[in-house]
Amino acid sequence: MAKKALILGITGQDGSYLAELLLDQGYEVIGMVRRSSTVTFERIAHIQDRVTLVSGDLLDEVSLINILREHKPSEVYNLAAQSFVQASWAQPVLTGETTAMGVTRVLDAIRTADPDIRFYQASSSEMFGKVQAVPQDEDTPFYPRSPYGVAKVYGHWITVNYRESYDLHASSGILFNHESPRRGLEFVTRKVTNGVAKIKLGLASEIRLGNLDAQRDWGFAGDYVRAMWLMLQQDLPDDFVVATGETHSVRELCEVAFNAVGLNWEEHVVIDPAFMRPAEVDLLVGDPSKAERVLGWHRDVDFPTLIESMVLADLKILQK
Ligand code: NAP
Ligand code: F7E
């Protein structure tokens, strides 16, 4: 019989790549979507007839319990969250309800409906925030710098706590930034690659950005969802850092993206204080050795290849 997995957040960047991976592995895939007045299934349109979509919300525990009881998945991936760091200052309570308390609701639903379900929690490098060590690994203490980061620390620890309290197979992936042509337009990589494509095609003349000095460990989302799946195939649950081990500044990102179409970034990037954050995470770089050693995970796509592929994808979309 095919294994059955439930993805919370299937309409997001990672949800769409994970759904593809699980379908390729022969899984039956259930995806939870929240009710909205318009359909927002753009990222999964190409696989929509191969997955079962069910209605529910991280803010509503009863909906989660009912989905688990009806569909009986053996694996649950919690990728749902208010995931945009900048928005978490404008909506700190909603971010807490979704990104923090939402995790407790899922864990509690699992405990109630079927404690044998294996659970993946999407933890984040934003938990390291003002970093206490370089590079960051599973033992680096957390120091979050945004309501989003604080909410993710809660989500992380409640996952550890349910694992230790109720013996759940609950694992956390501490994933560093991962991007793709499916990344939301508000995140800096996609904002830049989309802006570059518009400038190249004569549809815009500038990109307005905040802090160019921020450094991130950027990888490809398609590589990272493989690590999520591998975590739930282990005999024992655990926590893993997933990263490339390299860091690049937003300035370097601009250079690579503009170079890909033969333009000079300095002629088109404008600093706009509106995109500065009340508290910044200056430098993130992860040490993925544990994931490489225990899970056998490795990343295939490097930084320039990732950014160039995003620029090309944005050019294609705009030319259509
Ligand atoms: P994303 O594109 O923003 O997707 C978020 C998903 O969560 C969407 O499907 C969204 O549904 C859903 N969602 C939001 N609020 C919900 C609610 N109340 N109930 C049910 N679903 C809800 O995020 P992503 O980049 O794929 O990231 C996936 C997860 O990994 C998130 O938890 C994120 O915080 C975490 N993470 C991401 C990164 C990264 O670099 N991408 C790194 C570390 C951790 P709608 O489509 O309806 O909005
Ligand atoms: O910002 C700087 C900004 O919004 C990256 C989420 O997936 O990864 C993501 O969070 C950096 C920051 O991602 C602009 O100040 C400069 O230093 O692309 P971002 P993020 O905040 O790192 C983590 C791991 C997650 O878990 C999150 O869910 O770029 N930056 N100028 C800018 N950022 C944006 N968005 N827009 C700018 O104009």
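Residues numbered from 1 in each chain as written. Chains lettered and ligands numbered in written order. Predicted model: local features only at pLDDT ≥ 70, side-chain atom pairs only at ≥ 80, totals over all residues. Heavy atoms only, no water.

Things to note about the environment of Ala151
Here's step 1: Structurally, the position occupied by Ala151 is in helix H5 (residues 147-166).
Here's step 2: Among the residues examined, Ala151 registers a relative accessible area of 5% and is labelled buried.
Here's step 3: As a C-alpha pair, Ala151 and Leu283 span 132 residues in sequence and 20 Å in three-dimensional space. (Helix = DSSP H or I, 4+ residues; strand = E, 2+ residues; numbered from the N terminus. Buried < 20%, exposed > 50% of the residue type's maximum accessible area, 1.4 Å probe, protein only.)

Quick notes on the pattern of salt bridges
Here's step 1: This model, assessed by the stated rule, comprises 16 salt bridges.
Here's step 2: The salt bridge partner of Glu75 is Lys3, with a shortest N-O separation of 3.3 Å. In this pair, Glu75 sits in strand E4 (residues 75-78) while Lys3 sits in the segment before strand E1 (4-8), placing the two residues 72 residues apart along the sequence.
Here's step 3: By relative accessible area, which is 2% here, Glu75 ends up buried.
Here's step 4: Among the residues examined, Lys3 registers a relative accessible area of 39% and is labelled partly exposed.
Here's step 5: In this structure, Arg111 and Asp108 form a salt bridge, with 3.2 Å as the shortest nitrogen-oxygen distance. With a gap of three residues between them, Arg111 and Asp108 both fall in helix H4 (residues 92-113), about one helical turn apart.
Here's step 6: Using a relative accessible area of 17% as the deciding quantity, one classes Asp108 as buried. (Salt bridge = Lys/Arg side-chain N within 4 Å of Asp/Glu carboxyl O.)

As for helix H8 (residues 250-259)
Here's step 1: Considered for burial, the residues of H8 that qualify are Val250, Leu253, Cys254, Val256, Ala257 and Phe258.
Here's step 2: On the buried face of H8, the contacting elements are helix H6 (188-200), strand E8 (207-209), strand E12 (248-249), strand E13 (269-271) and helix H10 (303-319). (Contact = heavy atoms within 4.5 Å.)

Here we look at the site of ligand 2
Here's step 1: Near ligand 2 there are 23 residues, and of these Ser83, Ser124, Tyr148, Arg277 and Glu280 occur at the shortest range.
Here's step 2: With respect to ligand 2, the side chain of Arg183 contributes an N or O atom lying 2.9 Å from an oxygen atom.
Here's step 3: Between an oxygen atom of ligand 2 and a side-chain N or O atom of Glu280, the distance comes to 2.6 Å.
Here's step 4: Coverage of ligand 2 by the protein amounts to 96% of the 700 Å² it exposes when considered alone.
Here's step 5: At the level of elements, H6 and E8 are the ones that each hand at least two residues to the shell around ligand 2.
Here's step 6: Taken together, the residues of the shell around ligand 2 break down into nine nonpolar, six polar and eight charged.
Here's step 7: Viewed by domain, the shell around ligand 2 spans two of them, domain 1 (4-178 + 218-242) and domain 2 (184-216 + 247-282 + 302-319), each represented by three or more residues. (Near = heavy atom within 4 Å. Polar contact = N/O pair within 3.5 Å; in protein donor to acceptor, adjacent residues only side chain to side chain. Areas by Shrake-Rupley, 256 points an atom, 1.4 Å probe, with all protein chains shown as cover. Nonpolar A, V, L, I, M, F, W, Y, C, P; charged D, E, K, R; others polar. Domains from an automatic or database assignment.)

Overview of the pairing of E4
Here's step 1: Here E4 shows no split at all, with Glu75 and Tyr77 on one side and Val76 and Asn78 on the other all buried.
Here's step 2: Pairing geometry for E1 and E4, over four bridges, is parallel. Paired with Leu8 across the bridge in E4 is Asn78.
Here's step 3: Relative to strand E5 (residues 118-124), E4 runs parallel, the two sharing four bridges. Residue pairing in the sheet places Glu75 in a bridge with Arg118 of E5. (Pairing = 2+ DSSP bridges.)

That is the geometry; function is a separate question.
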